[in-house]
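Here is what each chain is made of, one letter per residue.
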Amino acid sequence: MIVTTTHTLEGQPVQRYLGLVTGEVIAGANVVRDIFASVTDIFGGRSGKYEEVLGRAREEAMAEMQAKAAALGANAILAVDIDYEVLGKAGSMLMVSISGTAVVV
């Protein structure tokens, strides 16, 4: 399946618009990761554990969106947008939300 942030695909006109598709994942950050992240914040550098959680959440949300598009008969998703939010008490949860337009090209 073609997934793009653009509104068109060069040389591939849209034959049918099938509607909005989304994928959402809410991931919790555990206490051990929080401790390591705070140490990284103090001494500088990147927080590998948080990056790992973020990457996994984004991949899961993308897969969910693609599955919904495929169920509609789409072979592409256009105008994809990815949003990130921090939720929960003291920002203990991370939400990744992805949306786009399912189409047949």
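What you are looking at is a predicted structure, and each value in this text was computed from that prediction instead of being measured.

Definitions and limits used
Residues numbered from 1 in each chain as written. Predicted model: local features only at pLDDT ≥ 70, side-chain atom pairs only at ≥ 80, totals over all residues. Heavy atoms only, no water. Pairing = 2+ DSSP bridges. Helix = DSSP H or I, 4+ residues; strand = E, 2+ residues; numbered from the N terminus. Core = buried A, V, L, I, M, F, W, Y, C linked by side-chain atoms within 4.5 Å. Buried < 20%, exposed > 50% of the residue type's maximum accessible area, 1.4 Å probe, protein only. Contact = heavy atoms within 4.5 Å.

Asker: What exactly am I supposed to notice about the sheet that holds strand β1 (residues 2–3) here?
Answerer: Strands belonging to one sheet form pairs held by backbone hydrogen bonds; the direction of such a pair is parallel or antiparallel. Read across the sheet, four strands follow the order β1-β3-β4-β2 without closing on themselves; strand pairing throughout is mixed. At either end of the open sheet lies a strand with only one pairing partner, and these are β1 and β2 (16–28). One ladder, built from ten bridges, connects strand β3 (residues 76–87) with strand β4 (residues 93–104); its direction is antiparallel. Within the sheet, the bridge partner assigned to Ile77 lies in β4 and is Ala102.

Asker: Explain the nonpolar core to me, please; I cannot follow it from the model alone.
Answerer: Residues Val21, Met65, Ala69, Ile77, Val96 and Ile98 are the most contacted members of the largest nonpolar core, which totals 15 residues. Secondary structure elements with two or more residues in this core: β2, α2 (48–72), β3 and β4. The leading source of residues in this core is α2, at five residues. Once residues within four sequence positions are removed from consideration, Met65 is found in contact with Val3, Val21, Thr22, Gly23, Ile77, Val80, Ile98, Ser99 and Gly100. One finds Leu9, Leu78, Val103 and Val105 within the second-largest nonpolar core, a separate group that totals five residues.

Treat this as a map of the structure, not an account of what it does.
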